[in-house]
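Topology and contacts: notes
Here is how the chains run, residue by residue.
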Amino acid sequence: MNFSLLKHELKLMMQSKKNLFFILFLTVLVLSYALMILPNEETTETFSPDEVNKELEEIAIQQEDREERGATGIIQFTGMPYYAYNDYYYQLHNRMVHSYKNENFTRFVHLRLQDLIRNEDSFLDEHQELFIDSPIPRKDTMHLYHQTLLTYQGYLDQEIAVTGPMIEEKTFLQSVKNILLSSVTYLIIFMAIYFSSDLLTRDKQNQTLLQGLPVPWYQTLNTKSIAAFVYSLLILTGLTLLGLTIITIQFGFGSLDIKVPTMIAQKTFRLEDYDYMLITEFLFKVLSFIPLIMLLFIRLNMILSLIFRNLWLVLTISTILLVSEFIYFTRTKRQLFGFDVSHFPQTYFDFGKVVTGDKNFLLTVESITYEKGILVLLITLIVVECLVLITAKFINRRRFFSA
């Protein structure tokens, strides 16, 4: 590798107005999320003591009315002991309100876990509207219930010093986890696509200078790829540090002992199909996908640039390949061209869900795993690398610049 050329390429990327505007856009996104979206976001576990108090006041009035009427037993027509049920609900949630207001969050976790275990049906009824557009809303709501149950149980198992932001999953580590379980993973990979889309096409403006470089053509392509790879990781690291600083100041860093619920089987759809992994293991596995996929698209952009010699065509084709799974994805699409979807690299671009098993859950399969994802992406990268070598042989430096 020619280090002078590497420094030159990095300098050009840092000075590129195209890149600077995109970095500014990403910075605004990070600031907006950390300063406006996250602080005002209400999660499924956001607890409002005032709202719960109002509900408890209404229940207290109903209970007094039942006592006056002597309706404290089992209702004949329904067979339901409403008075006893409401009394239990009132006592439990009243204790939850007091523990939350007193910032005794560990006690709150105990009470919330008890509430989840005793009131599974209520949870399912309350949260089913979140999946109103899902083809299988009850299954998805049950999945959320199990994840919530295991999250609270994980706090107690690890004896974590629970905080209010931790309950709402707003600490830095939990925010990163939630981001990596969302479609933001595609934006992370798009960064590498965007930064590397003009690595070759911009050189056509400096043909006289670059055609005389005493560096073999294939080595030039490799050095440019390394520059784009390093640059993409540096920008991603910088944006992460910016988010870390702002979110940690507001909500804390979080605990490295937090457990992330994972799905390990698709058999009973009960708790037996679930397990945990520490958030450190989750982040390690997820972050191992990022450089691999970034490098894959950077090398793919080398091929496209050699063939099409046009920034916008390269950017468009790579972006379509990145989001290609959206074109055919359905909850029942388990095969593509007669092969299991786990054999295709685009299945693993949503890598956060791959690590937790959510991808298997969505498709009701067990074939999409972390290990298989790494293997498939490595094989794909090797194939793409061979294509880079072949394409560079046919479209050498002279042919590229003479077109």
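The notes below deal with the structure included here. (Residues numbered from 1 in each chain as written. Predicted model: local features only at pLDDT ≥ 70, side-chain atom pairs only at ≥ 80, totals over all residues. Heavy atoms only, no water.)

Quick word on the pairing of strand E1 (residues 259-263)
When a strand is regular, its side chains alternate between the sheet's two faces. Operational definition: Burial classification: accessible surface area is computed with a 1.4 Å probe over protein chains only, and a residue below 20% of its type maximum counts as buried, one above 50% as exposed, and the rest as partly exposed. Helix numbers and strand numbers start at the N terminus; a helix is a DSSP run of H or I with at least 4 residues, a strand a run of E with at least 2. Two strands qualify as a pair provided DSSP detects at least 2 bridges between them.
Of all five residues in E1, five are buried; the element is thus mostly enclosed. Burial of the side chains of E1 extends over both faces: Lys259, Pro261 and Met263 are buried on one face and Val260 and Thr262 on the other. Judged from the five bridges that link them, E1 and strand E2 (residues 274-278) form a sheet pairing that is antiparallel. The partner of Met263 across the bridge, within E2, is Tyr274.

Examining the pattern of salt bridges
Worth spelling out the cut-off: We count a salt bridge whenever a side-chain nitrogen from Lys or Arg sits within 4 Å of a carboxyl oxygen from Asp or Glu.
This model, assessed by the stated rule, comprises 16 salt bridges. Here Glu9 makes a salt bridge to Arg202, at a shortest N to O gap of 2.2 Å. Note that Glu9 is positioned in helix H1 (residues 3-15) and Arg202 in the loop between helix H10 (184-196) and helix H11 (207-211), a separation of 193 residues in sequence. By relative accessible area, Glu9 is classed as buried at 0%. Since its relative accessible area comes to 14%, Arg202 is described here as buried. Glu281 is paired through a salt bridge with Lys285; the nearest N and O atoms lie 3.1 Å apart. Taken together, the residues span about one helical turn, with Glu281 and Lys285 both in helix H13 (residues 279-308) at a distance of four residues. Note on Glu281: relative accessible area 35%, which makes it partly exposed.

Considerations on the packing of H1 against helix H12 (residues 217-251)
The test is simple: Only the stretch in contact is used when a helix axis is fitted, and all axes are lines through C-alpha atoms; the angle between N-to-C directions ranges over 0 to 180 degrees. Note that the term roughly parallel is reserved for angles under 35 degrees, roughly antiparallel for angles over 145, roughly perpendicular for angles of 65 to 115, and oblique for everything else. Crossings are sorted by hand: turned counterclockwise from the far helix by less than a right angle, the near helix makes the crossing left-handed, and turned clockwise it makes it right-handed. Residue contacts are counted whenever heavy atoms from the two residues lie within 4.5 Å of one another.
Two elements in contact, H1 and H12, have axes whose closest approach is 9 Å; the angle formed by their N-to-C orientations is 50 degrees. Comparing their axes, H12 and H1 come out oblique. H1 and H12 meet at a crossing whose hand is right-handed. Along its contact with H1, which presents Leu5, Leu6, Glu9, Leu10, Met13 and Met14, the element H12 presents Thr220, Thr223, Lys224, Ile226, Ala227, Ala228 and Tyr231.

Re the packing of helix H9 (residues 172-180) against H13
Filter applied, for reference: Here the nonpolar group is Ala, Val, Leu, Ile, Met, Phe, Trp, Tyr, Cys and Pro; Asp, Glu, Lys and Arg are the charged ones; every other residue, Gly included, is treated as polar.
The contact between H9 and H13 brings their axes to 11 Å, and the two run at 40 degrees. Compared by their axis directions, H9 and H13 come out oblique. Classified by chirality, the crossing of H13 by H9 is left-handed. Residues Leu173, Gln174, Val176, Lys177 and Leu180 of H9 pack against Ile279, Phe282, Leu283 and Val286 of H13. Considering only residue class, the contact of H9 with H13 consists of seven nonpolar, one polar and one charged.

A closer look at the packing of aromatic side chains
Rules: Geometry of aromatic contacts follows a simple scheme: Phe, Tyr and Trp rings, the Trp one being its six-membered ring, pair when their centres are within 6.5 Å, and the pair is stacked under 30 degrees between planes, edge-to-face over 60, tilted otherwise. Counted as over-ring charges are cases with an Arg CZ or a Lys NZ within 6 Å of the ring centre that also lie within 35 degrees of the ring normal.
Within the structure shown, the criterion is met by 22 aromatic pairs. Between Trp217 and Phe400, the aromatic rings sit 5.8 Å apart at their centres with planes inclined by 40 degrees, giving tilted as the arrangement. Within this pair, whereas Trp217 is found in helix H12, its partner Phe400 is found in helix H19 (residues 397-402), the two being separated by 183 residues in sequence. The residues Trp217 and Phe400 share a single accessibility class, namely buried. Here a set of aromatic residues connected by ring pairs shows up, and it is made of Phe22, Phe25, Phe190, Tyr194, Phe195 and Tyr231. One Lys or Arg, Lys139, reaches over the ring of Phe361 and ends 4.6 Å from the middle of that ring.

In short, geometric facts, not functional conclusions.
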